[in-house]
Amino acid sequence: LSLLYYFMVMLLILSLQLFGVYSLFLWVFARINPIAFFKKAYAAMIFAFSVSSSAASIPIVLETVKSRLGVDNKVASFVIPVGATINMDGTAIMQGVATVFIANAFNIHLGFSAYLSVVALATLASIGTAGVPGVGMVTLAMVLQHVGLPVEGIAMVLGVDRILDMVRTGVNVGGDMMVSCVVASSERCLDREV
């Protein structure tokens, strides 16, 4: 039951990131209707979901932002590869939630400074994470060691991580496309008609 709770919490937070935070950024910074954005970006996010790799999704995502979202090539060809390398929001979220879940499972109390450390380290670790399936578990080991939790705790979340990895990749790719639209809008390289 606690693993199901972890799974549901992860899905909820990733959904809030994708549909809440990204929608807010699209509306506030680019004046793009989030519903229209998700309708046009849906196919690329499903592809990323199925392959669980931001790096493997780059060609599809590039084509989507250029042809379906109206982002100019000079913005898209810079933002999408950089985003696939360093924009791993889903991975950072997973590392924070998994660390708290593992600490609770082992009955280990984490203080406020440990939580701050987890947030900082998860963010930094996700920036350096490769865009390939399952690599978030490797960096999770580093986060667990840093806060003094047993690395063996990864085994508790490993069983459901494959499905969550697919969702995280969809969130990461959605973030890359959102950022490309925001940058293109700020640089006046966004075709509003598209």
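In what follows, the structure referred to is the one given above.
In short, a report on the structure.

Thresholds applied
Residues numbered from 1 in each chain as written. Predicted model: local features only at pLDDT ≥ 70, side-chain atom pairs only at ≥ 80, totals over all residues. Heavy atoms only, no water. Helix = DSSP H or I, 4+ residues; strand = E, 2+ residues; numbered from the N terminus. Buried < 20%, exposed > 50% of the residue type's maximum accessible area, 1.4 Å probe, protein only. Polar contact = N/O pair within 3.5 Å; in protein donor to acceptor, adjacent residues only side chain to side chain. Core = buried A, V, L, I, M, F, W, Y, C linked by side-chain atoms within 4.5 Å. Contact = heavy atoms within 4.5 Å. Phe/Tyr/Trp six-rings, centres within 6.5 Å; stacked < 30°, edge-to-face > 60°. Lys NZ or Arg CZ within 6 Å of the ring centre and 35° of its normal.

## Here we look at the side chain of Ser 52
Thought 1: In this fold, Ser 52 is placed in the loop between helix 2 (34-51) and helix 3 (54-68).
Thought 2: A relative accessible area of 1% means that Ser 52 is categorised as buried.
Thought 3: Only 2.9 Å separates the side chain of Ser 52 from the side chain of Arg 162, close enough to count as a polar contact.

## Quick word on the nonpolar core
Thought 1: The biggest cluster of nonpolar side chains holds 56 residues, and the ones touching the most others in it are Tyr 6, Met 10, Phe 37, Val 65, Val 71, Leu 140 and Met 177.
Thought 2: Secondary structure elements with two or more residues in this core: helix 1 (2-30), helix 2, helix 3, helix 4 (73-86), helix 5 (89-105), helix 6 (112-127), helix 7 (136-146) and helix 8 (154-186).
Thought 3: The leading source of residues in this core is helix 8, at 12 residues.
Thought 4: Discounting residues that sit within four places of it in the chain, Met 177 has contacts with Phe 37, Ala 41, Ala 44, Met 45, Val 61, Thr 64, Val 65, Leu 69 and Ile 80.

## Looking at the environment of Met 137
Thought 1: The residue Met 137 is located in helix 7 in this model.
Thought 2: Distance in space between the C-alpha atoms of Met 137 and Met 45 is 22 Å, their sequence separation being 92 residues.
Thought 3: Setting aside residues up to four positions removed in sequence, Met 137 forms contacts with Met 94, Ile 154, Val 157, Leu 158 and Asp 161.

## Looking at the environment of Met 10
Thought 1: Topologically, Met 10 is positioned in helix 1.
Thought 2: For Met 10 and Arg 168, which are 158 residues apart along the polypeptide, the C-alpha to C-alpha distance reads 9.3 Å.
Thought 3: Excluding its chain neighbours within four sequence positions, the residues that come into contact with Met 10 are Ile 93, Met 94, Val 97 and Leu 164.

## Some points on the packing of aromatic side chains
Thought 1: Applying the stated criterion across every chain, the model contains four aromatic pairs.
Thought 2: For the ring pair Phe 25 and Phe 29, a centre distance of 5.3 Å and an interplane angle of 55° mean the geometry is tilted. Taken as a pair, Phe 25 and Phe 29 lie in helix 1 at a separation of four residues, close to a single helical turn.
Thought 3: Classification of Phe 25 by relative accessible area gives partly exposed; the value is 35%.
Thought 4: The structure contains a cluster of three or more aromatic residues connected by ring pairs, namely Phe 19, Phe 37 and Phe 38.
Thought 5: We note Arg 31 situated over the ring of Trp 27; from NZ or CZ to the ring centre the distance is 5.5 Å.

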